[in-house]
Each structure stands twice: as C-alpha cells, then as structure tokens.
Amino acid sequence: MDHTRCSWCGTDPLYVAYHDAEWGVPEPDGRALWEKLVLDGFQAGLAWITILRKRDGFREAFQGFAPEVIAEWGEDDVLRLLADPGIVRHRGKIEATIGNAQAYLKIEQEQGFAPFLWGFVGGAPLPTRRASMGEVPTTTPEAEAMSKALKKAGFRFCGPTIVYAFMQATGMVNDHIVTCRCHERVLDMGAGFRLG
C-alpha cells in the first residue's frame, strides 16, 4: 500500500504535522472542540494554513480560548483584537466569537458541549473509505443538522461546510483517504472511541 498523505496538506512542515498528529483524531474535550470551531469560523474565505500559522497568536489574543472570559468581552476587546496583527482581523468573526462563547457556556451547562456535538454522529466517529480526495464531500446530512442546531443555539460562522470541515478535523468522521498513512491509525482510534 502506498503510504502517502492526503494531498491537501502539501509539503509545508506545519501543515504536514497538523495532518499527521491532529486532523481526524477524535477530540472528546468540549473546550478544545469549541476552540476548533471558532478557528474554523475564522478560516471562512481563507486557507487553513493561514489559521495554523496564526494559531498561537489566536490563543494569546483570546486568552487560551477560555469561553467564560471571552463571553464577558465588549467593544473595547473587539477594538483591541482588530488591532492585533497576530490574528485574522475581522469584526464580524471577532464579535461572533464573543457570542459563540456565550452560546457555548449555555450548552455546556445544559448538557455538555462535547456530548451535544458528538450526538450528531451517534457518539462515535463515522468511518469512511474514501479512495481519493474527489470522493470527500463538502458537507453531509450530519453536518447540516449540527450547523442548524448550532445556529439555533446562537452560534455564528457555522454553516454546513464550516461544520463539516470541523467534523473532519475533530475526528467525528475519518476522511483520511485509504492510501493515507494516517487512515488506519485514525480508524483504530475511532473504533475505541465513544462519547455521549
């Protein structure tokens, strides 16, 4: 078997490391899931490598992505972030992050953010056997349902395409193609994973 990688990560060392160590690995932690969803929202209209290169800047600017802190922010914080070259400076996305923190805290208190999200895939990763990147969809019924529920809960920048990319990244679906060196490893991780 050819042990190549999914073609989307190219040869950039940062992108390759992300592909090999993070993408597709099932994530059980609600706060980590929230951070990834926020970053996927910031990616809208940009390449993921742009977000990866600024991820440390985002973590610093957003105080470690602590939702309980961000939920209390106001206009002064928005202006501070708009002046921060370490992140993507987009007012709508920054304001959405504050609102998304508030929505996260409500879901976390009511049922737990991780169980809420993982419930859309039955609590375990959806296994796939995609032969090529051309077989990978941009959205699925599960992503559409999750997007709709997130929007109803008050989230923004969480359309079905963003949500599906989030699901791929956090291991809710294994979209490493079958010839990728990570496919079987992630499949094995998913086989032993259950949440909710």
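So, a few notes on the structure that sits alongside this text. Quick caveat: nothing in here was measured; it's all calculated off a predicted structure.

## Considering the packing of aromatic side chains
Then step 1. Following the criterion strictly, the structure yields 16 aromatic pairs and no others.
Then step 2. Ring geometry for Trp8 and Tyr15: centres 5.4 Å apart, planes at 65 degrees, overall edge-to-face.
Then step 3. In this structure Tyr15 comes out as buried when scored by relative accessible area, which is 13%.
Then step 4. One aromatic cluster in this structure is built from Trp34, Phe42, Phe58, Phe62, Phe65, Trp73, Tyr104, Phe113, Phe116, Phe120 and Phe155.
Then step 5. Over the face of the ring belonging to Trp48 we find Lys36, whose NZ or CZ atom lies 4.1 Å from the ring centre.
Then step 6. The residue whose ring lies beneath Arg80 is Trp73, and the NZ or CZ to ring-centre distance is 4.8 Å.

## Quick word on the pattern of salt bridges
Then step 1. In the structure shown here, the tally under the stated rule is 12 salt bridges.
Then step 2. Of the charged contacts in the structure, one is a salt bridge between Glu35 and Arg31, with a shortest N-O distance of 3.1 Å. Highlighted residues: Glu35 and Arg31, both in helix α2 (residues 30-43), separated by four residues, approximately one helical turn.
Then step 3. Judged by relative accessible area, which is 27%, Arg31 ranks as partly exposed.
Then step 4. Among the salt bridges present, the one from Asp175 reaches Arg130, with a minimum N-O distance of 2.7 Å. Within this pair, whereas Asp175 is found in the loop between α9 (160-169) and α10 (183-191), its partner Arg130 is found in the loop between α7 (113-118) and α8 (141-152), the two being separated by 45 residues in sequence. No difference in accessibility class separates Asp175 from Arg130, as the two residues are buried.
Then step 5. Where salt bridges share partners, they join Arg31, Glu35 and Arg59 into one cluster.

Analysis parameters
Residues numbered from 1 in each chain as written. Predicted model: local features only at pLDDT ≥ 70, side-chain atom pairs only at ≥ 80, totals over all residues. Heavy atoms only, no water. Phe/Tyr/Trp six-rings, centres within 6.5 Å; stacked < 30°, edge-to-face > 60°. Buried < 20%, exposed > 50% of the residue type's maximum accessible area, 1.4 Å probe, protein only. Lys NZ or Arg CZ within 6 Å of the ring centre and 35° of its normal. Salt bridge = Lys/Arg side-chain N within 4 Å of Asp/Glu carboxyl O. Helix = DSSP H or I, 4+ residues; strand = E, 2+ residues; numbered from the N terminus.

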